[in-house]
Amino acid sequence: MNFRQIVKTFIPSKKLCIFVLIVASLGIISGAIFLVMINQNDKSVVINELNGFLSNINSNSINNVQALKNSLFNNYVYIVLIFILGLSLIGILVNLFFTYIKGFILGFSISSLIYTYGVKGILASVIYIVPVIVNLFLIVLITSYTLVMAKYLYTLILGNRNTGFKMFLKKYFIIFIVVSLITIFTSLMEAFLTPALFKLVVKLFV
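Report follows, based on the coordinates.

Rules and cut-offs
Residues numbered from 1 in each chain as written. Predicted model: local features only at pLDDT ≥ 70, side-chain atom pairs only at ≥ 80, totals over all residues. Heavy atoms only, no water. Helix = DSSP H or I, 4+ residues; strand = E, 2+ residues; numbered from the N terminus. Buried < 20%, exposed > 50% of the residue type's maximum accessible area, 1.4 Å probe, protein only. Core = buried A, V, L, I, M, F, W, Y, C linked by side-chain atoms within 4.5 Å. Axes fitted to C-alpha atoms, helices over the stretch in contact; angles between N-to-C directions. Parallel < 35°, antiparallel > 145°, perpendicular 65-115°, else oblique. Left-handed = near helix turned anticlockwise from the far one by under 90°. Contact = heavy atoms within 4.5 Å. Nonpolar A, V, L, I, M, F, W, Y, C, P; charged D, E, K, R; others polar. Expected span 1.5 Å × (residues − 1).

### Description of the overall build of the protein
- Per the secondary structure count, the protein includes 7 helices and 0 strands.
- Seen in sequence order, the protein has helices and strands lined up from the N terminus as α-α-α-α-α-α-α.
- Viewed in the frame of its principal axes, the protein has a C-alpha envelope of about 60 × 35 × 30 Å.
- Here the protein, with 206 residues, has 39% of them falling under the buried criterion.

### A word on the nonpolar core
- Counting 31 residues, the largest nonpolar core has I79, I142, Y145, M149, F168, Y172 and V179 as the members making the most contacts within it.
- At the level of secondary structure, the elements contributing two or more residues to this core comprise α2 (14-37), α4 (64-85), α5 (91-117), α6 (119-157) and α7 (165-201).
- It is α6 that contributes the most residues to this core, 13 residues altogether.

### With respect to the packing of α4 against α5
- As a packed pair, α4 and α5 sit with axes 9 Å apart at the nearest point and diverge in direction by 160 degrees. By the angle between their directions, the pair α4 and α5 is classed as roughly antiparallel. The chirality of how α4 crosses α5 is left-handed. Across the interface between the two elements, N74, N75, Y78, L81, I82 and L85 of α4 pack against G91, V94, N95, F98, I101, K102 and I105 of α5.
- Class assignment of the residues belonging to the contact of α4 with α5 gives a composition of 8 nonpolar, 4 polar and 1 charged.

### Here we look at α2
- Counted at 1.5 Å a residue, the expected span for α2 with its 24 residues is 34 Å, and the 34 Å between its end C-alpha atoms agrees.
- For α2, the complete set of buried residues consists of L16, C17, V20, V23, A24, G27, G31 and L35.
- Along its buried surface, α2 packs onto α3 (40-58), α5 and α6.

### Looking at the environment of V202
- With respect to the secondary-structure elements, V202 resides in the segment after α7.
- Between the alpha carbons of V202 and L50 there is a distance of 11 Å; along the sequence they are 152 residues apart.

### Points about the packing of α2 against α6
- One can describe the packing of α2 onto α6 by two numbers: an axis separation of 9 Å at closest approach and a directional angle of 135 degrees. By the angle class used here, α2 and α6 are oblique. Between α2 and α6 the crossing geometry is right-handed. Residues L16, C17, F19, V20, L21, A24 and I28 of α2 touch α6, and the partners they reach there are L136, F137, V140, T143, S144, L147 and V148.
- For the contact of α2 with α6, a count of residues per class yields 12 nonpolar, 2 polar and no charged.

Right, dumping it as structure tokens:
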């Protein structure tokens, strides 16, 4: 199976995926701008939090098991909520908002690292971004599916029979399982790999 076939298999609609990606991108941009807009006291809080986090890594104070639990909860709760809300028409706007917020957090985190550590912060951002960007793409993917689901539900409400609904519903559940498994993997990366990589370069920052 080539790349084009893989894309066709997993992506429900290119136009909808692009639309959701735009929403996520707006969130990233907003998160980056928000750091610029907050006052100096709030920026000092952000800097202290980042320095404290990296100091804990340097002193081996990070509890990886607890970090895994937190990461799984934070990542998986988005997936589950989007999946459940996707089974109703009213969940569309909420799911798009979740996607925006996830992008906002990513943008704010990256801009905070660069603001605090300058050029060195770019390296920190690269270390941080890998599992987070994967999680964001997973949210974009499953949100795209919820938009397609909304189209099916809308036609059913209007009384139009659609023979493809049952097949799509099955695919929707399969995608949820696949996304859930990948989320477990990215949470493991966040809990174990990311701190280990930070540990190698932490002396550059603290």
